[in-house]
Amino acid sequence: MKRFSPAMFAAALYASAPLSVVHAAATTANAASTTADEVRAIKQELDALRAAYEQRLQALESRLQAAETANANAAAVASAPVEPPPAQAAATGGANAFNPSMSLILSGGYTHTSQDPQSYYLAGFQLPTDIGAGPGPRGFSLAESELGLAANIDPWLRGTANIALEPDNTLSVEEAYVQTTSLSHGLSVKAGRFFSSVGYLNSQHSHTWDFVDNPLVYQALLGTQYSDDGMHVGWLAPTDQFIEVAAEVGRGRSYPGTDTDRNGAGMNALSLHTGGDVGFSNSWRAGISTLYAKADDQQLTMLGTNGTTINNSFTGTTRLWLVDAVWKWAPNGNAIRTNFKLQGEYLHSKRDGLLTYDLTGLNLTDAYRATQSGWYVQSVYQFIPHWRVGLRTERLDIGSTDFGNTNLFALNNNDAPRKHTVMLDFSPSEFSRVRLQFARDYSRGSTADDQAMLQYQMSLGAHGAHAY
Amino acid sequence: MIKPRNVLVALTIPMLLLAIPAHAALRVFACEPEWGALAQELGGKLVDVSVATSALQDPHQIQAKPSLIARARSADLVVCTGAELEIGWLPVLLQQSGNAKVQPGQPGNFAAADYVHKLDVPTQLDRSQGDVHAAGNPHIQTDPRNIALVATALGVRLQQVDAANAAEYAKHLTDFSQRWQQAMTRWNSEAAPLRGVAVVSQHKAFVYLYDWLGMKEVAVLEPKPGVEPTASHLQEVLTQLKTTPARMALYSAYQDPRAAEWLSKNAGVPAVKVPFTVGGTDGAKDLFGLYEDTLQRLLSAGAQK
C-alpha cells in the first residue's frame, strides 16, 4: 500500500494558496472603478477566503504533527529495548518475594447413612482395606484439607506439591512433582508423585469433583484414585485438533499395584486423549488409556458366603483399560448463567497371578484370574448462576473371578454393585461451594444404603487454575 | 493377542502424519478479541491470528479446553491482557501447551496491561472485597489511548519475534498509529457532550472508558467485583440515585442485562449495552468500530430526556 505523505500534501497546498490569492487580487483590480460598497464586499470575500485557508492550513498542520509524532514514537520504540514501562514493572522485593504460591482447601460435612459404614463392602470384589472405599464416617466430620504450593524453580522447571492434612491428624503427600516448562515441541516431563493421567477423573483433585465421592468403579479398580511415584512424559501433537499422548512409569505404589521394594518399574501406563469444539457452545474430550501394575503379596479382603470377612493375598499383574469422554455445553461458551456437563467412563480390569485364600483359615494358594469392569455416567447442569444440579448412575460387573477353576464369588450378576446419586450445590463465589447429595447405594448387592451428605469446600489463597 | 501398546502406537502414527506444519505465517494466539484485532492490524498478512474467546464470553471465566491447548501449543506469540484477567485458565493452558516460546517471560508472551498505566490498583488484597486483581483493573481496552500504547509495544514485539519481517511490521505500526491518532482526534471532539456525565456500571469494567471520556461512575450494580447483583444491593443503588442521579447504566455485551434493565425501568435511566470488545455488537466489527459504536451508543443514551 502506498503510504499517505502528509509533508508532500501540505507543501502542495502551501504552493497553491498564494496562487489563489493572486487570482483574487486580479479580480479586485478589474473592479477598481466600482463603488465603495463593492470594494467592501470584495474585502469581506477576501477575509473569508483567508480565514478558510488558515483553517485548512491549521488542520493540515495538526495532521502533519500527529503523523510525525506517530513516526517518531514508532522509531523511538523500535530502537528501544522491549521492556514494560519501569513504573509498572516494579515488583515488591524482600526475602519473601520468591515464596511459592500457596493455596489451602478446607472441606468437611455431615453424613447420614442407613447402613453402618463399618460393614461396607463391594459385592463380588476384593479390595485392600486402606483405600478408603465407602461413604466414610457418619455424623459431622472433617474431610481432607489440602495445602498446595507451587512455583517456578528456574527458567526450565516448575515444582508443585499438594499436602493432604487428614482428619485423623496424619499428613500425606498427595502430589509432589517437578515439571519441565521449556522443552517445546509439545513435550513435557514430570517426575515425582502425581496422579496418573489415565481416564478423566483420575487426575482431578477431590475438591474439583462434581459429587462428594468418586464413582464405585474408581473405588473397585483404581483404589479410589491412582497416584504413583515415577515419571510422566506427555506429548501434544502440533495439530488444530487436540491430541495428547502420555506415557508413565512408576513404582506401582498403590492398588492395583503394591509398594514393593524392587528394581525397575512396578507400573506403566499409556493414555491417548483427543478433543475440540463444536461451534462456540460445545467442547469435548475423549480418550483411551491403559495401566499395567504388579502386585506382590497384596492384602485383600472379601465377604465370605457366611457373612464373615476373609483375608486373601494376591501376587500377580493387573491390566486396566479405561475409556473416558466428557462433553461441556454453555450458551455461546459463556458458562456464567447456565452450563451443562456430561461425562462417562468405562473401566475394564484383568488380574492374573496367584491368590492365597483365607490367610487365617484355609490358607489355600492357587492360580487366580479375574476379569471385572464397571462404568458411570454423570451430568451436571447449572440452571441459574451459582446453582447446579447433578445426576450420576453407575454399575459394576462382577465378571469372572476364577480361583483354581472355581468362581471365587458365588454371586449372581444381578446383585452387582450399583448406585444412583443426585446432588445440588451452591457456590456463592468461585472460591466456595456447599453441596447436598443423596444416594441409593447398592454396593452390598441387594441391600440398599440410603446416604445423605452435606459438604462444604472452600479455597483460600492462590487462585488455582483448573484443568478442563 | 493384540498388545495394548501396539494399539496405541497404531493410533498415534497416523496422527503424527497429520501433524505437518500448515502455516508459514507467524501464529498469534490472542486471549481476547481486541488483541486479536490489534494483532491483525499490525501483522496483516504476516500473521495467522486465532482468538481464544468471543465478545460474548466473560474473559475471567474460561476453561483451559482442549481446542485452546492445541492452539497454544503451536503459537509463536501469545497476546493477552495480563493483570490477572486470565489467571483462572491461562497458566494451566500454557503449562499444558508444551510450548517454551510462549511461557511467561519469553518474547512470545505478551501481556498488554504491562504497557499501560493501570487504574483501581487495590491498596488492600482481600477476597472479602470480591474478585479483585492485585495488579489493578484489567479491562484496559475500553480506552483508545491504551490501545495506542499497546499497539506500539505489540508492533515492536512482532518485529522482535519475526525479525525477518521487521520492516513490514514497522510500516504497519506507523500506518495504524496514524489512522488511530486521527480517529482519536475525531472521537475526542465527538465525545465532548459526555464529559462529566454521571453513570452506573454493572461491573467495574469501564474505569478506563470513564477516565478517557471524563464520565463519573456514581454506582456499580455488582455489590463486589465479580459478585452477581443482588436485589438488596439494587435497591440501595436505586435509593442512592435519588440523591446522586445518573444518566445511564452501562453493561457489557457478555453480561446478563437483567440487572441494568431493572435499574433502567425503576430509575428511568437508559440501560446501555456497550460492545466491550471487538464483536460485542454488530457495529464493533474492528477496533475502530468498537469505539465508534461505543460512543454512538453512549451519545444517543446521553441525548435522551
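One can find the structure itself at the top, above this paragraph.
So, how was this worked out
Residues numbered from 1 in each chain as written. Chains lettered and ligands numbered in written order. Predicted model: local features only at pLDDT ≥ 70, side-chain atom pairs only at ≥ 80, totals over all residues. Heavy atoms only, no water. Helix = DSSP H or I, 4+ residues; strand = E, 2+ residues; numbered from the N terminus. Contact = heavy atoms within 4.5 Å. Buried area = accessible area lost by both parts, 1.4 Å probe. Salt bridge = Lys/Arg side-chain N within 4 Å of Asp/Glu carboxyl O. Polar contact = N/O pair within 3.5 Å; in protein donor to acceptor, adjacent residues only side chain to side chain. Phe/Tyr/Trp six-rings, centres within 6.5 Å; stacked < 30°, edge-to-face > 60°. Buried < 20%, exposed > 50% of the residue type's maximum accessible area, 1.4 Å probe, protein only. Lys NZ or Arg CZ within 6 Å of the ring centre and 35° of its normal. Disulfide = S-S within 2.5 Å.

*Asks:* Pulling in residues and values, what's your account of unusual backbone geometry?
*Replies:* The step from Tyr255(A) to Pro256(A) runs through a cis peptide bond, and the omega angle for that step is 10 degrees. In the Ramachandran plot, Asp120(B) falls in the positive-phi region, its phi being about 60 degrees despite a non-glycine side chain. Checked against the element boundaries, Asp120(B) lands in the loop between strand 4 (109-111) and helix 5 (144-161). The phi dihedral of Phe276(B) is positive, around 70 degrees, even though this residue is not glycine. Among the structural elements, Phe276(B) can be located in the loop between strand 8 (271-274) and helix 10 (287-303).

*Asks:* Give a description of the side chain of Thr338(A) that names residues and reports values.
*Replies:* Counting through the fold element by element, Thr338(A) comes out in the loop between strand 11 (309-329) and strand 12 (339-357). Once you skip the residues sitting within four places of it in the chain, Thr338(A) turns out to touch Trp329(A), Ala330(A), Pro331(A), Tyr381(A), Gln382(A) and Phe383(A).

*Asks:* Mind laying out the interface of chain B and chain A, listing which residues take part and the relevant values?
*Replies:* Between chain B and chain A, the residue contacts involve 60 residues of the former and 67 residues of the latter. Of the roughly 5,400 Å² buried at the junction of chain B and chain A (both faces included), carbon and sulfur atoms supply 61%. In this structure, the connection of chain B to chain A is made through two salt bridges. Arg337(A) is the salt-bridge partner of Asp256(B), the closest N and O atoms lying 3.3 Å from each other. On the surface where chain B and chain A come into contact, there are twelve residue pairs in polar contact (both at pLDDT 80 or more).

*Asks:* Can you lay out the packing of aromatic side chains for me, pointing to particular residues and giving the numbers?
*Replies:* For the structure on display, the rule yields 18 aromatic pairs over all chains. Taken together, a centroid distance of 5.7 Å and an interplanar angle of 75 degrees make the contact between Phe314(A) and Tyr368(A) edge-to-face. Here Tyr368(A) lies in strand 13 (residues 364-384) and Phe314(A) lies in strand 11, a separation of 54 residues in the sequence. No difference in accessibility class separates Phe314(A) from Tyr368(A), as the two residues are buried. Consider the rings of Tyr357(A) and Phe403(A), whose centres lie 5.9 Å apart with planes at 40 degrees: the pair is tilted. Remark: Phe403(A) occurs in strand 14 (residues 387-403) and Tyr357(A) occurs in strand 12; sequence separation between them is 46 residues. An identical accessibility class is assigned to Tyr357(A) and Phe403(A); each is buried. A network of ring pairs unites the aromatic residues Phe176(B), Trp180(B), Trp187(B), Trp212(B), Phe288(B) and Tyr291(B) as a single cluster. In this arrangement the basic side chain of Lys190(A) is found over the ring face of Tyr177(A), its NZ or CZ atom lying 4.8 Å from the centre. Here the guanidinium or amino end of Arg418(A) rests over the ring plane of Tyr442(A), the centre of that ring lying 4.4 Å away.

*Asks:* Residues and numbers for the state of the cysteines, please.
*Replies:* Working definition: the covalent bond between the sulfur atoms of two cysteines is a disulfide. Residues and elements named next belong to chain B. Evaluated as defined, the whole model comprises one disulfide over all chains. The disulfide partner of Cys 31 is Cys 80, and the S-S distance across this bridge is 1.9 Å. As the torsion about the S-S bond is roughly 50 degrees, the Cys 31-Cys 80 disulfide counts as right-handed. Separated by 49 residues along the polypeptide, Cys 31 in the loop between strand 1 (26-30) and helix 2 (33-43) and Cys 80 in strand 3 (residues 77-80) bring together distant segments of the chain. Comparing Cys 31 with Cys 80 shows no difference in burial state: the two are buried.

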